[in-house]
Amino acid sequence: MDKEQKVAYEIIRQRIVNEIDRLEASGEPGSALKRWRRFGAAFSWDPTVYPKLLENPTVDDKKLMSLLRNTEQQFMKKWQAIEGIPLHHIIANRTGGDLGLRLPVDTWEEVKERVFDATGARPGNSQANLNAASQFDERSHLGRYGAKGTVFDPAMGLGEAPDPTQSPILHGAGTKDFGTRLGKDPVILQSTPAQITEALLPEVTKQQEIYKTVSELPTTQAQRQIFTEAGLGAAFDPSTPIEQMPAIKTRAAELGLPEKFASSWQVNPRFSGGKAVLQALPLVGLGAAVITAGGQAMAGETKAATATLAEAAVGEVPVVGEVLQSEPVAGGTFADVQRRTQEGIRAKQLQQRAAQARQRGGKVKFGLGGVKFTLPEFGLSELMGIN
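Residues numbered from 1 in each chain as written. Predicted model: local features only at pLDDT ≥ 70, side-chain atom pairs only at ≥ 80, totals over all residues. Heavy atoms only, no water.

1. Considerations on the overall build of the protein chain
Part 1 of the reasoning: Along the protein chain, the regular secondary structure elements total 18 helices and 5 strands.
Part 2 of the reasoning: Looking at the protein chain residue by residue over its 387 residues, the buried ones come to 48%.
Part 3 of the reasoning: Excluding contacts between residues fewer than 6 apart, the proportion of contacts in the protein chain whose partners are at least 24 apart in sequence is 74%.
Part 4 of the reasoning: If you sum the accessible surface of the protein chain, you get close to 18400 Å²; carbon and sulfur atoms cover 52% of it. (Helix = DSSP H or I, 4+ residues; strand = E, 2+ residues; numbered from the N terminus. Buried < 20%, exposed > 50% of the residue type's maximum accessible area, 1.4 Å probe, protein only. Contact = heavy atoms within 4.5 Å. Areas by Shrake-Rupley, 256 points an atom, 1.4 Å probe, with all protein chains shown as cover.)

2. Regarding the environment of K6
Part 1 of the reasoning: Structurally, K6 is set in helix α1 (residues 3–26).
Part 2 of the reasoning: Along the primary structure K6 and P47 are separated by 41 residues, whereas in three dimensions their C-alpha atoms are 9.5 Å apart.
Part 3 of the reasoning: Among all residues touching K6, those that are not within four sequence positions of it are M1, V105 and D106.

3. Things to note about helix α9 (residues 193–215)
Part 1 of the reasoning: The terminal C-alpha atoms of α9 lie 32 Å apart, and with 23 residues this matches the ideal 33 Å at 1.5 Å per residue to within 8%.
Part 2 of the reasoning: At L200, α9 shows its maximal kink, close to 35°; a proline, P202, follows between one and four residues later.
Part 3 of the reasoning: Taken together, the buried positions of α9 are P193, I196, T197, L200, E203, V204, Q207, Y211, V214 and S215.
Part 4 of the reasoning: Looking at the buried side of α9, the elements it contacts are α2 (30–45), α5 (99–102), α6 (105–119), α7 (138–141), α8 (186–189) and α10 (218–229). (Expected span 1.5 Å × (residues − 1). Bend = angle between axes of the 7 residues up to and from the residue.)

4. Some words on the nonpolar core
One recurring pattern in soluble globular proteins: nonpolar side chains tend to sit buried together.
Part 1 of the reasoning: Formed by 43 residues in total, the largest nonpolar core has its most connected members in F43, L53 and L68.
Part 2 of the reasoning: Looking at this core, the elements with two or more residues in it are α1, α2, α3 (51–55), α4 (61–78), α5, α6 and α9.
Part 3 of the reasoning: Examining the composition of this core, we find that 7 residues originate from one element, α1, more than from any other.
Part 4 of the reasoning: Discounting residues that sit within four places of it in the chain, F43 has contacts with Y9, I12, R13, I16, Y50, L53, L54 and L68.
Part 5 of the reasoning: Membership of the second largest hydrophobic core comes to 24 residues, among which are M156, F227, I248 and L257. (Core = buried A, V, L, I, M, F, W, Y, C linked by side-chain atoms within 4.5 Å.)

5. Considering α6
Since one α-helical turn is 3.6 residues long, residues separated by three or four positions face the same way.
Part 1 of the reasoning: Along its 15 residues, α6 runs 21 Å from first to last C-alpha, staying within 8% of the 21 Å computed at 1.5 Å per residue.
Part 2 of the reasoning: On its buried side, α6 packs onto α1, α2, α5 and α9.
Part 3 of the reasoning: Of the residues flanking the end of α6, it is G120, one or two places downstream, whose phi is positive at about 80°.

6. Examining the packing of α1 against α2
Part 1 of the reasoning: It is the contact of α1 with α2, at a shortest axis distance of 10 Å, that shows an interaxial angle of 160°. In terms of orientation, α1 lies roughly antiparallel with respect to α2. Crossing angle aside, the handedness with which α1 passes α2 is left-handed. For the pair formed by α1 and α2, the contact residues are Y9, I12, R13, I16, E19, I20, L23 and E24 on the first element and A32, L33, W36, R37, G40, F43 and S44 on the second.
Part 2 of the reasoning: Of the residues that constitute the contact of α1 with α2, the class distribution is 9 nonpolar, 2 polar and 4 charged. (Axes fitted to C-alpha atoms, helices over the stretch in contact; angles between N-to-C directions. Parallel < 35°, antiparallel > 145°, perpendicular 65-115°, else oblique. Left-handed = near helix turned anticlockwise from the far one by under 90°. Nonpolar A, V, L, I, M, F, W, Y, C, P; charged D, E, K, R; others polar.)

What follows is the structure, encoded as structure tokens:
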């Protein structure tokens, strides 16, 4: 930061500290105190991503909190390649607790540089700590299903149920406190930058280890490979500019990748030929096209339904064992279905019918010269109301 930015930073830092102290003294701190601490700590780690705030350090308290909170939330939203996917800071913004807020700017700046030199970490909301590679399925993030109305909604039935006891997660046991006590330790607050850094480093490195472990899990790699094989590897590349993410998100939706991504999450994927074999039945591509064609058929658009199926798949799709083994296809998406039907209910029904077909070892045949398909074999014609 230059001199003017440091002056602005000190004004804002002191205002945040005053608000924290006031709320603590009130005896009823509640969620307001948590917000000031959380978003205030993020600001202290990297104030440069708050240019509007540094230009106007004397805005009223309500505007101050709005700028602190909305800046982070906007980053969280813009980095998404899939609607509703969680973003995870490599290093939590609350690492060290109120440490950055309680130290003079020059002391804190030296501590941050020492942390970077020792670990390469730059906590805060910049791309160094929050980027495209920060996206994780909620089952790998918090060990639970994701938000309603998204592909991570448990009602969708995509992928296996989470089991934190069998698969490491980013926010597992022992990840709620990364040195928050340091910001309240009077000895630490009077220590040299070198001593403060020494106390802080273990809290940083263990988070890097957790992030690396979950990033390298077979299920994480298998999910991301879906985007890579579709030509969208940049979706999870930490160097991808945030400005490119909206276009990636749009294209991914067009290709049905969000559904494939969610479908491929597994606790313990098995391997064949060095690659993870996804055992969960994916309700995407062909399945989405069948539902779309069903909607067209119910609307009397039989030619459109035939064209949808022809465009979605060519060849033969055998259903064998626990894996739907299909040839590469230009899969449809759920976007249109979501606008026309109660897609979550349909998807669940489709999964149940497909499971029955899997037990029968059934096949569905397609050919460009007049599409031939046996929906009863898949048990789906009744679902779509065309048989």
